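Coordinate inspection notes
Here is what each chain is made of, one letter per residue.
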Amino acid sequence: MPHTLTIHELTAKLAAKELTACETTRSCLDRITAVDSKLNAFVSYDAEDAIAQAEAADQALADGVCHKDKPLLGVPIAIKDVIAVKNQPLSCGSKILGDFNSPYEATVIRKLRDAGAIIFGRLNMDEFAMGSSTENSAFKPARNPWDTDRIPGGSSGGSAVAVAADESIASLGSDTGGSIRQPASLCGCVGLKPTYGRVSRFGLVAYASSLDQIGPLTKDTRDAATMLKIIGGHDMRDSTSVPREVPDYIEALDGDIKSLKIGLPKEYQMAGLDPEVKSSVDAAVLRIEELGAEVREISLPHTEYAIAAYYIIATAEASANLARFDGVRYGQRFGSADPIEMNRDTRGAGFGEEVKRRIILGTYVLSSGYYDAYYIRAQKVRTLIREDFLKAFEEVDIIASPTSPTAAFKIGEKVDDPLQMYLSDIYTISANLASICGISIPCGFTSGNLPIGLQLLGRPFGEEQLLSVAHAYEQATDWHTRRPTVN
Ligand code: GLN
């Protein structure tokens, strides 16, 4: 069944002519037809366009183009609906954009296409990437393939579901405070948030520009390395992308982990951490220690301020970024010809509750009189959090923790309690504030058969070490090979 394959398994079969790109793409499309009405991973997809791309890939394979030159030739990859694909719908999980189609292509999409990928489908998400459960999608809540009464995490919920339920070979998501790692953890796949500046944000609809990064969700660590190698690198169109060479992440997978030191932050042993999650993560760290790494306790003293600082900085940036949705340039327009009324009515009708809450909060913390007390203060806390990490990374190479304090919760359980929802990001948010890299990999299951994720955090541009530890652990375990039965 081609749709169940990883990127490396699939490309080997395509190269050996055991499979075609068309068969693979059809297999993914059939899988979507079979299960997506239960999962809601996709907002939309264009089957004809996907098949046309697959035919072109098969032609290229027949012409002798090889995977050395185009590492993703014939591989279907689905995209979070916040990343621009030319001539395809771009909704950001919101009603406000109406039937807007993107007139241009994100840099990451161009790079994936250059590598031969088949770009298909728009993946469900929390509106404008604000949320941790995909319940804030203006269309429909995505569901966890391990238990369809539960959330898949968010905001890249659709991206995690599509991969975990084998509807796509891999996907792209975006991570502002955990939105790649947390859904990957709750759905049992691999999610990589690159260092800020590693991947171009050109064509990613901005939520909080100083925190946002695009990254891959995949079935294993090798696939994450393959994707990062392709999408990483400097881009003239994103001045925050860093002109730094992209290392060979695939080679890095087999890096020696025996000389590495792993840190366990003592502040992460907090109330709210589910005992089953804790014991799986403890066991995973022990396994990594047995593989030769040295484990020691570290301190990240400003951890308790991370959520507060994040929800000031992220909402402040969001309030500015989302000002562009004014009914004039994009999407839907409501109200009268009077521009002030039109603007008010369009935003009032177009944005959902959570987005409005954040715009109001962000506007408040930026308003004169409160700016110093909230925004500037949060920026200072951000610096302290970054310094905590940089200091810790003088002592250790990698920091290990749970990705999420609990496994997937029930749909509806936290939706009316935004603070509870915000707390579910406690382990992921700091990496964005500190601009470092992180990955979530499967490390166990609860007694109720829900996946648990191990988060590994690395130095700025330390993705090679991160991937080598993740890969070594994965080689020694089989959690990542388990798949849900969707029924
Ligand atoms: N859950 C966090 C938020 O709602 C993170 C979202 C994200 O990473 N896009 O802001």
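Note: the structure precedes this text.
Note that the structure is a prediction, hence the values are computed from the model and not measured.

Observations regarding the overall build of the chain
Scanning the chain from terminus to terminus reveals 16 helices and 11 strands. Taking the principal axes of the C-alpha coordinates as reference, the chain spans close to 65 × 55 × 45 Å. Going through the 487 residues of the chain one by one, you find that 61% of them count as buried. Carbon and sulfur atoms provide 51% of the accessible area of the chain, an area that totals close to 18100 Å². Counting 50 positive and 64 negative side-chain charges, the chain places the centres of these two groups 2 Å from one another.

Quick word on the pairing of strand 5 (residues 190-193)
Here strand 5 shows two buried faces, one formed by Val 190 and Leu 192 and the other by Gly 191 and Lys 193. One ladder, built from two bridges, connects strand 5 with strand 6 (residues 213-218); its direction is antiparallel. Within the sheet, the bridge partner assigned to Gly 191 lies in strand 6 and is Leu 217. Across three bridges, strand 5 lies against strand 10 (residues 437-445) in antiparallel orientation. Considered in strand 10, the bridge of Gly 191 is made with Ser 440.

Details of the packing of aromatic side chains
If you walk through the whole model with that rule in mind, you get 17 aromatic pairs. Seen in terms of ring centroids, Phe 128 and Phe 351 are 5.9 Å apart; in terms of plane orientation they differ by 70 degrees. Their pairing is edge-to-face. A residue pair is termed long-range when its members are at least 10 positions apart, and Phe 128 in the loop between strand 3 (118-123) and helix 5 (157-164) and Phe 351 in the loop between helix 11 (339-350) and helix 12 (353-366) qualify at 223 residues. Assigned by exposure class, Phe 128 and Phe 351 land together as buried. Note on Tyr 371 and Tyr 375: the rings are 5.3 Å apart at their centroids and 35 degrees apart in plane angle, and the pair reads as tilted. Note that Tyr 371 and Tyr 375 are positioned in helix 13 (residues 371-395) at a spacing of four residues, about one turn of the helix. Residue Tyr 371 is classed as partly exposed on the basis of its relative accessible area of 32%.

Remarks on the nonpolar core
By size, the foremost hydrophobic cluster in this structure holds 148 residues, and its most contacted members are Leu 112, Phe 128 and Leu 456. Here this core takes 10 residues from helix 10 (residues 306-321), the largest share from any one element. If we ignore the near neighbours within four places in the chain, the residues touching Leu 112 are Leu 72, Ile 77, Ile 79, Ala 117, Ile 119, Leu 172, Met 227, Ile 230 and Ile 231.

Points about the pattern of salt bridges
For the structure shown, the criterion picks out 19 salt bridges. With its nearest N and O atoms 2.8 Å apart, the salt bridge here joins Arg 287 to Glu 290. Of this pair, Arg 287 and Glu 290 are both found in helix 9 (residues 275-290), three residues apart, which corresponds to roughly one turn of the helix. Using a relative accessible area of 29% as the deciding quantity, one classes Arg 287 as partly exposed.

How each quantity is defined
- Residues numbered from 1 in each chain as written.
- Predicted model: local features only at pLDDT ≥ 70, side-chain atom pairs only at ≥ 80, totals over all residues.
- Heavy atoms only, no water.
- Helix = DSSP H or I, 4+ residues; strand = E, 2+ residues; numbered from the N terminus.
- Buried < 20%, exposed > 50% of the residue type's maximum accessible area, 1.4 Å probe, protein only.
- Areas by Shrake-Rupley, 256 points an atom, 1.4 Å probe, with all protein chains shown as cover.
- Lys, Arg positive; Asp, Glu negative; His and termini not counted.
- Charge placed at Lys NZ, Arg CZ, Asp CG, Glu CD.
- Pairing = 2+ DSSP bridges.
- Phe/Tyr/Trp six-rings, centres within 6.5 Å; stacked < 30°, edge-to-face > 60°.
- Core = buried A, V, L, I, M, F, W, Y, C linked by side-chain atoms within 4.5 Å.
- Contact = heavy atoms within 4.5 Å.
- Salt bridge = Lys/Arg side-chain N within 4 Å of Asp/Glu carboxyl O.

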